[in-house]
Amino acid sequence: MNTDHKNDHYVLDMRDIGKVYYGTRVLGGINLQLKPGEIHAVLGENGAGKSTLMNILFGMSVIHNTGGFEGQVVVDGEETFITSPVEAMHKGIGMVHQEFMLIPGYSITENIKLNREITNPGLLSRIAGKRLEILDFDAMNKDARKALDKLGLNIEEWVKVAGLPVSFMQFVEIARELDKENLKVLVFDEPTAVLTETDADRLLETMRMIASEGIAILFITHRLDEVKRVADRITVLRDGQHVATKNIEDTDVFEMANLMVGREIKMTTAEVDTSTDKKVKLEIKDLYVDMPGEVVKGISLDILDGEILGVGGLAGQGKIGLANGIMGLYESEGSVMLDGKEVILNNPEKALKQGLAFVSEDRRGIGLLLDTSIELNIVITAMQIQRQFLKQYGPLSQRENNRIRQHALKMIEELDIRCTGPQQITRRLSGGNQQKVCIARALTLNPKVLFVSEPTRGIDVGAKKLVLDTLVQLNKEHGMTIIMTSSELAELRMISHRIAIINEGKLEGILPPNASDVDFGLMMAGEYHKVKGREVKADE
Amino acid sequence: MDANIRVTPPELSLVQKIKKSLVHNMVTVFFIILCVIGFYYSGLTFGFLINSIISRLVRNSFLVLALLLPVMAGMGLNFAIVLGAMCAQAAIIFVTHWGVVGMPGIGLTVILTTPLAMGLGYLTGKLFNKTKGQEMIGGLILGFFSNGIYQLIFLILIGSVIPFNNETLVLSSGVGLRTTIDLAGGMRYAIDDVWKLPFTMAGMAFGVATILHAVYRYIKGIPTLAQKPRQKKYLLSGATGVAFIAWLLYIRSGSSYINMITVPMLTVILIALMCIFTTYFARTKLGQDFRTVGQDRHIAGVSGIHSDNTRLTAMILSTVFASWGHLIFLQNLGTFSTYGSHEQIGFYSVAALLIGGASVTNAKISHALLGTFLFHTLFIVSPLAGRNLFGDAQLGEYFRVFVAYGVIGVSLVMHAWRKQIEGRRRLSQQ
């Protein structure tokens, strides 16, 4: 490993980088220096600002369409202003994307040479210009072969990418970057997230091999043991701030976890409920959910009567898939028992009828009828599922507008929904108030168990507290069992009695809300069992 | 490092292979069966059928081939070729009015129609770039809309605002064109009549070409697509070529009606050139860009391909080719409905392409040619079959309309169904 570079030459130097989106500061005071041949890990939770930083480095349009960024980017000693990914490529900055930038219908060669195809002049190109030159597949195959050989990848270069194992796709991406001659900096965006352990090991070796050729590597990840194994230096971001930059020898996994999660803000945590005689309300056994990007791979979990269970974990690990799967919104498999009765999966109507209710994370997409009034939004599911608020005349039915209005007014008052009246359309409401309408609708069903996903996403701080308070109140006053999924650990710890952490589609463990930052950090990174070396009992 | 994993698809038994290819080609198989049944009940002689099909195949193929480029660029089936057809028709009307006949007339029409089609193709492309994902419905509506403008020009402005003094073309009121325009004595058969060969001769030439192609590919493979030499399918296509020649020799030895059939060779050569161009184009950098944009606009953009410009190019090329194709179409037909011809060819060409097994995302030359063949077979036999089966001439006419529009619906549904079946299989394999 090239731990020590005595010279002060940086191949990439990002100085005092900041970014403001629509008046909200998402990034500030970030400094990042890369020496040739070093592996530099960037650590941080979801929303810590890693992606924004990379978007700035690659000149993505999302940055430039929202007013650019603050600070300087210096590549190889020369201040640059990168305005597009292609420009970044010309400057020698490459990226191995988390969601692969590969075209499945193309061969490996075609993908490696994407928009850098080698061409020969042909008949038409003499008349109509360079773009009509013929592709030289022989030369392209040779180049692709060279890049693949460098990675020790023994696969024919003309095989189509569709159907390749995920790890191969990852290596094809790397081969594409290596094929670019002037490559100086290579960014790996969570490269091991989709790999098995052996594949991940190979990838790490490859990274070291690439670094030994003098290419600097920026390694974005949340797997701390991998960082410990390959990185030379680390930079930790938290809430858009630069927390620390350290040499790897000067730190350990515990400190890294602490730096990643640790909140300086004081926060309240829910009391730990020690009573053990509670009965199981919802019993999940071996649940598999095929939700794209949030796959659940076999979770077994008991939810106790009258508790608030927090479900946490990093994005893409499957925590969102849990509620969506049980509610029948995505294809799922396994067994879920409510009060000892089997819940029928893959059928939202049945799930609702059995007394489950769901406040979706996709508020504006599937949570609300945006151009419909508040009152109708509140009662519509109850009308559909439980035939509430309806008068029957034989086969025909009619809405009872009076009762709907009364109920809506009651809800508006109870949940403190700020609006001009029950007939206002929900599109005009603020995020927090929209969320409350969603909750009101779920409550109208009188559910036995309430699922709430990302209740505070996209709403401001004040409204956050109100929404969380509402949940606590429901739980305390009505004894409602609530399962709250959230990316924000802090808010889970504020209201939940127990917190289940999902990692790689499986239950990593359950922690009490007052467990230490380090434990949460380790669990979310999937390192808990490796480090602690013991099984965590689900009822701990 | 050790990475000797080979990615080979699981071995399939013969039955599985047949089943898989049947599912994969179910649209085409369905229409082949329909054609065979239709032919049986139509009571037509084989010779007559071949004659009709050849004349229609030659007429329509170029237009169907014009649909391929937009599919490659991921823009779906280009219903907006109607605009290209309009350009061609407008040019033909003026050239007929000026009295330029024969090949010079065709030349002048091409000179007039090409810049016009380029302009309209550019505008269509601009519109499609603003309505991404809705190109097909957008093109359909655009066709109807531009038909309005076309009618305004040729029904109202001609003779009133645009001076146009021609008794045979203009209505007796002096304003607006007649509903049908006759090209007899003008550009009718101008391309077709340049060089004609008996069908048996042309067929044998085609057979020899097939055999040569098969032998060449069998020995060399397709290195660019990493297709190994000695593929069995080329043996098959070579054998088909031999059988075809043998059959033609047999026909020539007798006195069949088929011996009387002639093929307009120049038109066939133009179609062949179009095929060669499309193949060649697919191997150019621009062709690769088309495919990249068609597969994934986002990835194309990130790799620095201007997807909007690429799509624009696809539309311009397609519209220009469509206008040329319509010119070939009309000179063969010899007469056209002033206000309806262009509107029809959009549907007919799309239907033909779909029957050939193309889908909204994948269309090849073979799809276009096979589809045109099947579509016109069905078009010829279905009215007669309908009449013979139900004993009513009206029903026969109904069948013709059903064929034209019904097949688009049926084949789209079948493509969707096929995708579903294949998707389910993929899931169960995982």
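Numbers given for residues are sequential positions, taken from 1 along each chain in its written order. A letter from A marks each chain and a number from 1 marks each ligand, given out in the order of writing. Reporting in this predicted model follows two pLDDT cut-offs: at least 70 for local features of residues, and 80 or more for side-chain atom pairs to be given and counted; totals over whole chains, interfaces and linings ignore these cut-offs and use all residues.

**Brief notes about the overall build of chain B**
The way it works is that DSSP assigns letters per residue, a run of H or I at least four long becomes a helix, a run of E at least two long becomes a strand, and they are numbered from the N terminus. Regarding its fold elements, chain B presents 16 helices and four strands. Taking 22 Å as the expected radius of gyration for a compact globule of 430 residues, we find that chain B reaches 23 Å, a close match to that expectation. For chain B, the spread of C-alpha atoms along the principal axes amounts to about 80 × 65 × 45 Å. Exposure is read from a count of other C-beta atoms within 10 Å of each residue's own; the residue is exposed at 12 or fewer, buried at 20 or more and partly exposed in between. C-beta atoms are placed from the backbone. In chain B, which comprises 430 residues, the share counted as buried stands at 40%. Computation of the radius of gyration draws on C-alpha atoms, with the globule rule given as 2.2 Å multiplied by the number of residues to the power 0.38.

**Thoughts on the overall build of chain A**
Counting its regular elements, chain A contains 20 helices and 24 strands. Relative to a compact globule of 540 residues, whose C-alpha radius of gyration would be 24 Å, chain A shows 26 Å and is just as compact. Taken over the C-alpha atoms alone, chain A extends approximately 80 × 60 × 45 Å along its principal axes. Evaluated residue by residue, chain A yields a buried proportion of 47% over its 540 residues. Long-range pairs, those at least 24 residues apart, make up 68% of the contacts in chain A with a sequence separation of at least 6. Each residue is represented by a C-beta atom placed from its backbone, and any two residues with such atoms within 7 Å are regarded as in contact.

**Details of the sheet that holds strand β14 (residues 296-304) of chain A**
Residue and element names in this part refer to chain A. Taken in spatial order, the four strands line up as β14-β13-β16-β17 in an open sheet, and their pairing is antiparallel. Lying at the two open borders of the sheet, with one neighbouring strand each, are β14 and β17 (341-342). Should DSSP find at least two bridges between two strands, the strands are regarded as paired. The pairing of strand β13 (residues 280-289) with β14 spans seven bridges and is antiparallel. Bridged to V289 within β14 is V296. Every angle, taken between N-to-C directions, lies between 0 and 180 degrees, and every axis is a line fitted to C-alpha atoms, over only the stretch in contact when it is a helix. Contacts between helix α11 (residues 319-326) and the sheet are confined to β13, β14 and β16 (332-338), with β13 contributing the most and set at about 110 degrees to the helix.

**A word on the confidence of the model for chain A**
All names here are of chain A. With 92% of its residues at a pLDDT of 70 or more, chain A shows a mean pLDDT of 83. pLDDT is a residue-level measure of predictor confidence that goes from 0 to 100. Every residue in residues 1-7 scores below 50 in pLDDT, and together they form nine contacts with partners more than four places removed in sequence or on other chains. Below pLDDT 50 for its whole length, residues 534-540 participates in four contacts with residues either more than four positions away or in separate chains.

**Things to note about the sheet that holds strand β18 (residues 356-359) of chain A**
Residues and elements named next belong to chain A. Reading across from one edge, β18-β21-β22-β15-β23-β24 is the order of the six strands in this open sheet, with mixed pairing throughout. Of all the strands in the sheet, the pair left with one neighbour each is β18 and β24 (506-511). Here the strands of the sheet are splayed against their neighbours by 20 degrees on average, with no regard to which way each runs. Against the sheet, helix α16 (residues 431-444) touches β18 and β21 (449-453), its axis set at about 175 degrees to β18. Contacting β15 (308-312), β23 (498-503) and β24, helix α19 (residues 517-524) crosses the sheet at an angle of about 175 degrees to β24.

**Some words on the environment of V293 of chain B**
All names here are of chain B. Counting through the fold element by element, V293 comes out in helix α11 (residues 285-295). Residue classification places V293 among the buried residues on the basis of 25 C-beta atoms within 10 Å. Excluding residues within four positions of it along the chain, V293 makes contact with A73, G74, A300, I305, S307, T310 and R311.

**Quick word on the pairing of strand β19 (residues 390-393) of chain A**
Residue and element names in this part refer to chain A. Bridging between β19 and strand β20 (residues 396-399) involves four bridges; their strand directions are antiparallel. Each bridged residue has a counterpart across the sheet, and for Y393 the counterpart in β20 is L396. If you look at the hairpin formed by β19 and β20, you'll find two residues sitting between the two strands, and G394 has a positive phi there, around 60 degrees.

**Comments concerning the nonpolar core**
Remark: nonpolar core denotes a set of buried Ala, Val, Leu, Ile, Met, Phe, Trp, Tyr and Cys residues whose joining runs through C-beta atoms within 7 Å. By size, the foremost hydrophobic cluster in this structure holds 256 residues, and its most contacted members are I217, L356 and F451 of chain A. A per-element tally of this core places helix α13 (residues 307-333) of chain B first, with 13 residues. In contact with F451 of chain A, not counting residues within four places along its chain, are A323, M327, L356, A357, F358, V359 and I483 of chain A.

**Points about the interface of chain A and chain B**
Contact residues are listed per partner, giving 28 residues for chain A and 21 residues for chain B. Listing elements by their share of the side of chain A that touches chain B, those giving two or more residues are α3 (85-90), β8 (134-135), α6 (137-150) and α8 (197-212) of chain A. Any residue outside Ala, Val, Leu, Ile, Met, Phe, Trp, Tyr, Cys, Pro, Asp, Glu, Lys and Arg is labelled polar, Gly included; the first ten of those are nonpolar and the last four are charged. Class assignment for the residues of the side of chain A that touches chain B results in 15 nonpolar, seven polar and six charged.

**Here's the deal with the domain arrangement of chain A**
For the domain bounds, the source is a domain assignment made automatically or taken from a database. Split into domains, chain A comes out as domain 1 (10-91 + 184-193 + 213-265), domain 2 (101-182) and domain 3 (280-369 + 448-532). Between the C-alpha centres of domain 2 of chain A and domain 3 of chain A the distance comes to 43 Å.

**What about helix α10 (residues 265-282) of chain B?**
All names here are of chain B. In this model, α10 (18 residues) spans 26 Å end to end at C-alpha, consistent with the 26 Å of a helix rising 1.5 Å per residue. Among all positions of α10, only T267, V268, I271 and M274 are buried. The buried residues of α10 occupy an angular sector of 115 degrees when projected down its axis, which confines them to one face. Across α10 from its buried face, at more than 90 degrees, point the exposed residues L273, I276 and T279. The inward-facing, buried residues of α10 abut α3 (46-65), β3 (262-264) and α13. An expected span of 1.5 Å times one less than the residue number is assigned to each helix. Regarding the arc, it is the one traced by the directions from the helix axis to the C-beta atoms.

**A word on unusual backbone geometry**
All names here are of chain A. A positive phi angle, close to 55 degrees, is found at D76, a residue other than glycine. Positionally, D76 belongs in the loop between β4 (70-75) and β5 (78-80). On the neighbour-count criterion, D76 (16 C-beta atoms within 10 Å) is partly exposed. Backbone geometry at D286 places phi at a positive 50 degrees, although glycine is not the residue there.

**Quick notes on helix α6 (residues 102-130) of chain B**
Residues and elements named next belong to chain B. An ideal rise of 1.5 Å per residue puts 42 Å on 29 residues; α6 measures up with 41 Å between its terminal C-alpha atoms. Here the bend at a residue means the angle between the axes of two seven-residue stretches, the one that ends at it and the one that starts at it. The largest bend in α6 amounts to roughly 25 degrees and is located at T113, with the proline P115 lying one to four residues further along. All buried positions along α6 are accounted for by G105, I106, T109, T113, A117, L120, G121, T124, G125 and F128. Contacts made by the buried residues of α6 are with α5 (81-98), α7 (135-157) and α13.

**Structural notes on the packing of helix α8 (residues 199-220) of chain B against helix α9 (residues 232-253) of chain B**
Residue and element names in this part refer to chain B. Interhelical geometry of α8 versus α9 gives an angle of 160 degrees and a closest axis separation of 8 Å. With respect to α9, the element α8 is oriented roughly antiparallel. Read as a crossing pair, α8 and α9 show a hand that is left-handed. In this structure, α8 uses T200, G203, M204, G207, T210, I211, A214, V215, R217 and Y218 to contact α9, whose residues at the interface are Y234, L235, S237, G238, T240, G241, V242, F244, I245, L248, I251 and R252. Here the residues of the contact of α8 with α9 are counted per class, giving twelve nonpolar, eight polar and two charged. Here roughly perpendicular refers to angles of 65 to 115 degrees, roughly parallel to angles under 35, roughly antiparallel to angles over 145, and oblique to all remaining angles. In this scheme the handedness of a crossing depends on how the near helix is turned from the far one: anticlockwise by less than a right angle means left-handed, clockwise means right-handed.

**Side note on the confidence of the model for chain B**
Residues and elements named next belong to chain B. Per-residue pLDDT for chain B averages 87, and the proportion of residues at 70 or more is 94%. Of all helices and strands in chain B, the one with the weakest mean pLDDT is helix α16 (residues 393-429) (73), whereas α6 scores best (95). A low-confidence stretch, residues 1-8 (pLDDT under 50), is modelled with eleven contacts involving residues beyond four sequence positions or located in other chains. Both confidence scores are given for the complex: pTM 0.74, ipTM 0.82.

**Remarks on the packing of α11 of chain B against α13 of chain B**
Residue and element names in this part refer to chain B. Where α11 meets α13, the closest approach of the two axes is 10 Å, and the angle between their N-to-C directions is 110 degrees. The orientation of α11 relative to α13 falls into the category roughly perpendicular. Between α11 and α13 lies a crossing of left-handed hand. Residue-level inspection shows L286, D289, F290 and V293 of α11 in contact with α13, the latter providing S307, T310, R311, T313 and A314.

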